[in-house]
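Inside the fold
In case you want the letters, here they are:
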Amino acid sequence: MSNLIDNGQTKLLGKFLDLSVYRQGLLTSNIANIDTPGYQTKDIDFKGELQRSLSGATDDSSPSFGPTVRNVPDLTTRPDGNNVSLDRESMMLSETSLKFRLAVQLMKEQFKEVSMAINDGKAS
Amino acid sequence: MNLFGVMEVSGSAMLAERQRAEVVTSNLANAETTRTPQGGPYQRQHVVFGTAAPGTFSHELSAAGMNMPMAMNDPRGQGVKVQAVVADSAPPVRKYDPAHPDADAEGFVNMPAINPVEEMADLMGAARSYELNATAVQATRGMITQSLDLLR
């Protein structure tokens, strides 16, 4: 039987938040290395990783846990071998922040329901 | 790596960009310097950037022997570091100025090979990168604040 706290919804949101944090890490690395010769833009396949983690193919507690990081194709490489695109990284940064915010809000709604059940149907 | 580690990565880049700006302003300031402790005119300096894991709290802990579940080759842990400051190998510019105290027998002075326009462009690049990293810090900060909201 599904319960209010530990259900598919919160699990999905939890994974979503985890992957958002992971992606944020890669984006800041990309931005930090915008002037590093030879650095290649890194990212994850967000949708694929989310599906993979939900299908139970990965075990969070195993040391090898972590999405597969890949180099982003189709970016123009500068003469110094660096292909970090300022526009792409800025766009992705806003996108990731907004998606993270959305997931946090949805998660709060989930907890609000639990809180409501505890407080005899009254909010807060 | 958690969100605080992500901030450290941006922080390492801000530090590196500031060092780059320092070197560039030093080049600009010494564009006319003909005397240095090493002798001869000032030589233009370049910074060399390289990826480096930032000195995060968890890194310090694992270095101190604490068992932290963090891989050292974490692709997200790639901050940036000024690996070296190297002197430009370009020969000095010879300028005819017989009245100059450092002029040689033929009346030429060895001036640093510094193009102020080039340095200004480099300085602007450093400032822009610094700003971009500051924006990234703000975005990460926002994410931390929002996740703290879950506790309320």
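Here the residue numbering is sequential within each chain, running from 1 through the sequence in written order. All chains are assigned letters beginning with A, and all ligands numbers beginning with 1, in the order in which they are written. Totals for whole chains, interfaces and linings use every residue, but because this is a predicted model, local features are given only for residues with pLDDT of at least 70 and side-chain atom pairs only at 80 or more, for both listing and counting. The side-chain quantities take in all heavy atoms of the structure and omit both hydrogens and water.

Moving on, we get to the overall build of chain B. Counting from the N terminus, the helices are DSSP H or I runs at least four residues long and the strands are E runs at least two residues long. Each helix and strand in chain B was counted, giving 3 helices and 4 strands. Each helix and strand of chain B, placed in order from N terminus to C terminus, yields the pattern α-β-α-β-β-β-α. Within chain B, buried positions represent 37% of all 152 residues. Every accessible area reported is derived by Shrake-Rupley at a probe size of 1.4 Å, with residue values counting cover from the shown protein chains alone. Put simply, chain B shows about 8700 Å² of open surface, and 57% of that area lies on carbon and sulfur atoms. Under the scheme applied here, a residue whose accessible area is under 20% of the maximum for its type counts as buried, over 50% as exposed, and between as partly exposed, the area being computed with a 1.4 Å probe on protein chains only.

Attention now moves to unusual backbone geometry. Residue and element names in this part refer to chain A. Residues other than glycine seldom take positive phi values, yet D74 does so here, at roughly 60°. Along the chain, D74 falls in the loop between strand 2 (70-71) and helix 3 (86-118). The exposure class of D74 is exposed, given its relative accessible area of 78%.

Another aspect to go through is the interface of chain B and chain A. Any two residues whose heavy atoms approach within 4.5 Å are treated as being in contact. Across the contact, 30 residues belong to chain B and 28 residues belong to chain A. Summed over both sides, the interface of chain B with chain A buries roughly 2400 Å², with 69% coming from carbon and sulfur. The salt bridge criterion pairs a side-chain nitrogen of Lys or Arg with a carboxyl oxygen of Asp or Glu, the two atoms within 4 Å. Along the contact surface separating chain B from chain A lie 2 salt bridges. Residues K108 of chain A and D149 of chain B are paired through a salt bridge, measuring 3.9 Å at the closest nitrogen-oxygen approach. Under this definition, polar contacts are N or O atom pairs within 3.5 Å; protein pairs additionally need one hydrogen-donor-capable and one acceptor-capable atom, and for neighbouring residues in sequence, both atoms have to be side-chain atoms. Between chain B and chain A we count 5 residue pairs in polar contact (both at pLDDT 80 or more) in total. Counting residues per element, the ones that place at least two in the side of chain B that touches chain A are helix 1 (3-29), strand 1 (45-52), strand 2 (79-87) and helix 3 (116-149) of chain B. With 11 residues, the top contributor of residues to the side of chain B that touches chain A is helix 3 of chain B. Amino acids are sorted into nonpolar (Ala, Val, Leu, Ile, Met, Phe, Trp, Tyr, Cys and Pro), charged (Asp, Glu, Lys and Arg) and polar (every other residue, Gly among them). Among the residues forming the side of chain B that touches chain A, the class breakdown is 13 nonpolar, 12 polar and 5 charged. In short, buried area is how much 1.4 Å probe accessible area vanishes from two parts on joining, totalled over both.

Let's shift gears to the packing of aromatic side chains. All names here are of chain A. Two rings belonging to Phe, Tyr or Trp (six-membered ring only in the last case) form a pair when the distance between their centres is within 6.5 Å. Interplanar angles under 30 degrees mark stacking, angles over 60 mark edge-to-face geometry, and anything in between is tilted. Under the definition given, this model contains 2 aromatic pairs over all chains. Here the aromatic rings of F16 and F46 are separated by 5.2 Å at their centres, their planes lie at 75°, and the arrangement is edge-to-face. Taken as a pair, F16 in helix 1 (residues 8-32) and F46 in helix 2 (residues 46-54) lie far apart in primary sequence, 30 residues in all. Considered together, F16 and F46 belong to a single accessibility category, that of buried residues. By the criterion adopted, a ring carries a charge over it if an Arg CZ or a Lys NZ lies within 6 Å of its centre and within 35 degrees of its normal. The ring of Y39 is capped by K42, whose NZ or CZ atom sits 4.5 Å from the centre of that ring.

pLDDT measures the predictor's confidence residue by residue and takes values from 0 up to 100. Of all residues in chain A, 90% attain a pLDDT of 70 or more, and the chain-wide mean is 85. No element of chain A has a lower mean pLDDT than helix 2 of chain A, which averages 87, and none a higher one than strand 1 (residues 42-43) of chain A, which averages 92.

Time to look at the environment of K122 of chain A. All names here are of chain A. For K122, the position within the fold is in the segment after helix 3. As a C-alpha pair, K122 and Q105 span 17 residues in sequence and 19 Å in three-dimensional space. In contact with K122, other than residues within four places in its own chain, are S115 and M116.

What is meant by a nonpolar core is a set of buried Ala, Val, Leu, Ile, Met, Phe, Trp, Tyr and Cys residues, joined one to another through side-chain atoms within 4.5 Å. If you look at the biggest cluster of nonpolar residues, it comprises 17 residues, and the most contacted ones within it are L17, I44 and F100 of chain A together with L3 of chain B. If you list the elements that add at least two residues to this core, you get helix 1, helix 2 and helix 3 of chain A together with helix 3 of chain B. Residue contributions to this core peak at 7 residues, all from helix 1 of chain A. Sequence-distant contacts of F100 of chain A, defined by excluding residues within four places in its chain, comprise L17, S20 and V21 of chain A together with L3, M143, Q146 and S147 of chain B. If you look at the next biggest cluster of nonpolar residues, it comprises 10 residues, including I31, I34 and M92 of chain A together with L132 of chain B.

The next subject is the pairing of strand 4 (residues 108-111) of chain B. Residue and element names in this part refer to chain B. Burial of the side chains of strand 4 is restricted to one face: V109 and M111 are buried, whereas none of F108 and N110 on the reverse face is. Any two strands with at least two DSSP-identified bridges between them are counted as paired. With 4 bridges connecting them, strand 3 (residues 93-96) and strand 4 associate as antiparallel partners. Within the sheet, the bridge partner assigned to Y96 lies in strand 4 and is F108.

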